[in-house]
Amino acid sequence: MSKDLYNIAVVGATGAVGKEILNVLEQRKFPVGELTLLASERSAGETLTFKGQHYVVGLLDKADFKGIDIALFSPGGSVSAKYAPIAAAAGCVVVDNTSHFRMDPDVPLVVPEVNPDDVAGYVKKNIIANPNCSTIQMVVALKPIHDAFGIKRIVVSTYQSVSGSGRVAMDELSAQVTAIYTMKSPEKEVYPHQIAFNCLPHIDDFLDNGYTKEEQKMVDETKKIFGDDSVKVSATAVRVPVFVGHGESINIETEDPITPEEVRQILSEAPGVEVVDDPEKSLYPQQLTSAECDEVFVGRIRTDDTVENGINMWVVSDNLRKGAALNAVQIVELLIRDYI
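What counts, and where the lines are drawn
Residues numbered from 1 in each chain as written. Predicted model: local features only at pLDDT ≥ 70, side-chain atom pairs only at ≥ 80, totals over all residues. Heavy atoms only, no water. Axes fitted to C-alpha atoms, helices over the stretch in contact; angles between N-to-C directions. Helix = DSSP H or I, 4+ residues; strand = E, 2+ residues; numbered from the N terminus. Parallel < 35°, antiparallel > 145°, perpendicular 65-115°, else oblique. Left-handed = near helix turned anticlockwise from the far one by under 90°. Contact = heavy atoms within 4.5 Å. Phe/Tyr/Trp six-rings, centres within 6.5 Å; stacked < 30°, edge-to-face > 60°. Buried < 20%, exposed > 50% of the residue type's maximum accessible area, 1.4 Å probe, protein only. Salt bridge = Lys/Arg side-chain N within 4 Å of Asp/Glu carboxyl O. Pairing = 2+ DSSP bridges. Polar contact = N/O pair within 3.5 Å; in protein donor to acceptor, adjacent residues only side chain to side chain.

**Remarks on the packing of helix H1 (residues 16–27) against helix H8 (residues 321–338)**
Line of reasoning, step 1. Running from N to C, H1 and H8 point in directions that differ by 50 degrees, and their axes come no closer than 9 Å. Here H1 is positioned oblique relative to H8, judged by the angle of their axes. For the pair H1 and H8, the sense of crossing is right-handed. Along the contact surface, H1 presents Val 17, Glu 20, Ile 21, Val 24, Leu 25 and Gln 27, while H8 presents Arg 321, Ala 324, Ala 325, Leu 326 and Val 329.

Right, dumping it as structure tokens:
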């Protein structure tokens, strides 16, 4: 039965996503009762502000999840692997932003605009997984098309900002740009190569099949979220020297005939999507203008004449917001509306 207020924990609160989760909870006026902020020993003791009040970040190792209704996890995957089941066993529903639980058949993988009913599966382990940021924006844009025309194949190339690697990567990009303009040698620690003024076709570790884990996530997660293993997905993930916002060049092939006009019409009515597609006026989605926005922006919608039913499009979203924090909070909103 719904309550007036819910006790919330944010694990990994001092990270870029953790801080954005707090922003989204406040902006959406989520009914927070008691708020518990948790982090590793390195960050515990820091002070964060929520709704004008100051909160000291506690140490995750010493956390007691009894009495907490919902915990939003955004630490590393190994941390979630250890502590999310502990929180879940204490009666707390966990929404986890790491990759650890995403492909667990007993853990729902949810994008509220796409498969909201899957939230009901949380009862198996008291855990819900938040998908990969690049997957989220793609499926928000493509699911309405899949429902109407049946997508057979997706080919996606991503242009992912450094914020996907956290605050340290954003600092590294800034420091490298400053070093180059002051005639110094840019230092690199986060990435194997300089990211300033460069693009790296390398996100996460390489697998035996030649793809990276990031690329494989997009393949596997899309099928699970769609509930359709027949959809073929081929992904290339690229890190670009942009601070916030992921762009994706997406090519789809559908079962039924499809036109750009039909795509624009469907997406103009789709939840969470904003069509920005007037090239003659230089109007198309941009990473710069997507920052701090909730929507997934779609433009450059055009026919691919090399296949029978093909469409090309350009999709952009704020990876820290819709690609992580907002999606997690939307899941929690579904939970309190329909399930707890």
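**Overview of the packing of aromatic side chains**
Line of reasoning, step 1. With the rule as written, the count across this model stands at five aromatic pairs.
Line of reasoning, step 2. Seen in terms of ring centroids, Tyr 6 and Phe 30 are 6.4 Å apart; in terms of plane orientation they differ by 50 degrees. Their pairing is tilted. One end of the pair, Tyr 6, is in strand S1 (residues 6–11); the other, Phe 30, is in the loop between H1 and strand S2 (32–39), and 24 residues separate them in sequence.
Line of reasoning, step 3. Tyr 6 gets classed as buried once you look at its relative accessible area, which sits at 2%.
Line of reasoning, step 4. The exposure class assigned to Phe 30 is buried, which follows from its relative accessible area of 2%.
Line of reasoning, step 5. On the numbers, 6.2 Å between centres and 70 degrees between planes, the contact of Tyr 122 with Tyr 339 is edge-to-face.

**Here's the deal with the pattern of salt bridges**
Line of reasoning, step 1. Using the criterion set out here, one finds 17 salt bridges in the structure.
Line of reasoning, step 2. Residue Arg 28 pairs with Glu 333 through a salt bridge whose shortest N-O separation is 2.8 Å. Note that Arg 28 is positioned in the loop between H1 and S2 and Glu 333 in helix H8, a separation of 305 residues in sequence.
Line of reasoning, step 3. For Lys 217, the salt bridge identified is with Asp 204, shortest N-O distance 3.3 Å. Here Asp 204 lies in the loop between helix H4 (167–181) and helix H5 (213–226) and Lys 217 lies in helix H5, a separation of 13 residues in the sequence.
Line of reasoning, step 4. Each of the salt bridges in this network shares a partner with another, and the network as a whole consists of Glu 20, Arg 28, Asp 294, Arg 321 and Glu 333.

**Quick notes on the sheet that holds strand S12 (residues 273–275)**
Line of reasoning, step 1. Judged by pairing direction, the sheet is mixed, and its six strands sit side by side in the order S10-S9-S11-S14-S13-S12 without closing on themselves. Looking at strand neighbours, the two that pair on one side only are strand S10 (232–239) and S12, the edges of this open sheet. Geometrically, the sheet is characterised by an average inter-axis angle of 25 degrees between neighbouring strands, direction not taken into account.
Line of reasoning, step 2. Bridging between strand S11 (residues 246–254) and strand S14 (residues 310–317) involves eight bridges; their strand directions are antiparallel. Within S14, the position partnered with Glu 248 by the bridge is Val 315.
Line of reasoning, step 3. Docked against the sheet, H5 engages strand S9 (151–160), S10 and S11, running at close to 145 degrees with respect to S10.

**Describing the environment of Gln 160**
Line of reasoning, step 1. Within the secondary structure, Gln 160 is located in strand S9.
Line of reasoning, step 2. In the structure, Gln 160 is positioned 43 residues away from Ile 203 in sequence and 8.9 Å away in space, judged by C-alpha atoms.
Line of reasoning, step 3. With residues near it in sequence (within four places) discarded, Gln 160 still touches Ser 134, Ile 203, Glu 214, Ala 237, Val 238, Arg 239, Val 240 and His 246.
Line of reasoning, step 4. Here Glu 214 takes part through its side chain, which lies 3.0 Å from a polar atom of the side chain of Gln 160.

**Comments concerning the pairing of S14**
Line of reasoning, step 1. Of all eight residues that make up S14, eight are buried, and the element is covered over most of its length.
Line of reasoning, step 2. Burial of the side chains of S14 extends over both faces: Gly 310, Asn 312, Trp 314 and Val 316 are buried on one face and Ile 311, Met 313, Val 315 and Ser 317 on the other.

**Description of the side chain of Lys 217**
Line of reasoning, step 1. You can call Lys 217 buried: its relative accessible area is 17%.
Line of reasoning, step 2. With residues up to four places along the chain from it excluded, the contact list for Lys 217 reads Ser 99, Arg 102, Asn 132, Thr 135, Asp 204 and Thr 222.

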